[in-house]
Amino acid sequence: MNSDKYAVMVIKGDNKLDIDEAFQYLYNKYSKLVLFLILNMVNDKRDAEELTNDVFIKIFNNRKNLCE
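Residues numbered from 1 in each chain as written. Predicted model: local features only at pLDDT ≥ 70, side-chain atom pairs only at ≥ 80, totals over all residues. Heavy atoms only, no water.

S.K.: How should I be thinking about the packing of helix H1 (residues 3-11) against helix H2 (residues 16-42) in this particular structure?
M.R.: For any two helices packed against each other, the geometry is given by the interaxial angle and the distance between the axes. Running from N to C, H1 and H2 cross one another at 140°; their axes reach a closest spacing of 8 Å. As far as their axial angle goes, H2 and H1 are oblique. In this structure, H1 meets H2 at a crossing whose hand is left-handed. Residues Ser 3, Asp 4, Ala 7, Val 8, Val 10 and Ile 11 of H1 form the contact with H2, whose own contacting residues are Asp 18, Ile 19, Ala 22, Phe 23, Tyr 25, Leu 26, Lys 29 and Tyr 30. Per-class residue counts for the contact of H1 with H2 are 10 nonpolar, one polar and three charged. (Axes fitted to C-alpha atoms, helices over the stretch in contact; angles between N-to-C directions. Helix = DSSP H or I, 4+ residues; strand = E, 2+ residues; numbered from the N terminus. Parallel < 35°, antiparallel > 145°, perpendicular 65-115°, else oblique. Left-handed = near helix turned anticlockwise from the far one by under 90°. Contact = heavy atoms within 4.5 Å. Nonpolar A, V, L, I, M, F, W, Y, C, P; charged D, E, K, R; others polar.)

Right under this line is the structure:
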């Protein structure tokens, strides 16, 4: 199993410390990529940063529905 799949499995769990650590891992790994993609769509850095945060908030809020 790769570490991304493991991180998704962990954030779907109930252990708050493990959830925070796994989410931070995913955020650190993917936030720059998400920011880059959004920035290419909106052409405004501040909007792109806000939308990137929105993406990760939605991921966190819907973590129980994620698929590994």
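The discussion continues.
S.K.: For this particular structure, what's the right way to read unusual backbone geometry?
M.R.: For residues that are not glycine, phi is negative in most cases, and the peptide bond is trans in most cases. Its identity as a non-glycine residue notwithstanding, Asn 43 has a phi of 55°, on the positive side. As for its placement among the helices and strands, Asn 43 is situated in the loop between H2 and helix H3 (45-61). Overall, the relative accessible area of 65% leaves Asn 43 in the exposed class. (Buried < 20%, exposed > 50% of the residue type's maximum accessible area, 1.4 Å probe, protein only.)

S.K.: Honestly, the side chain of Asp 4 in this entry has me stumped. Any pointers?
M.R.: Locating Asp 4 in the fold gives a position in helix H1. Taking the relative accessible area as the measure of exposure, Asp 4 reaches 16% and is therefore buried. Residues in contact with Asp 4, not counting those within four places in the same chain, are Tyr 25, Leu 26, Lys 29 and Tyr 30.

S.K.: What is the right way to look at the packing of aromatic side chains in this model?
M.R.: One pair of aromatic rings is described through two measures. These are the centre distance and the angle between the planes. Under the counting rule described, the total for this entry stands at three aromatic pairs. For the ring pair Phe 23 and Phe 56, a centre distance of 6.3 Å and an interplane angle of 80° mean the geometry is edge-to-face. Of this pair, Phe 23 sits in helix H2 while Phe 56 sits in helix H3, placing them 33 residues apart in sequence. Comparing Phe 23 with Phe 56 shows no difference in burial state: the two are buried. Judged by centre distance (5.2 Å) and plane angle (75°), the rings of Phe 23 and Phe 60 are edge-to-face. Residue Phe 23 is located in helix H2, and its partner Phe 60 is located in helix H3; the two are separated by 37 residues in the primary sequence. Under the relative-accessibility criterion, Phe 23 is labelled buried at 16%. (Phe/Tyr/Trp six-rings, centres within 6.5 Å; stacked < 30°, edge-to-face > 60°.)

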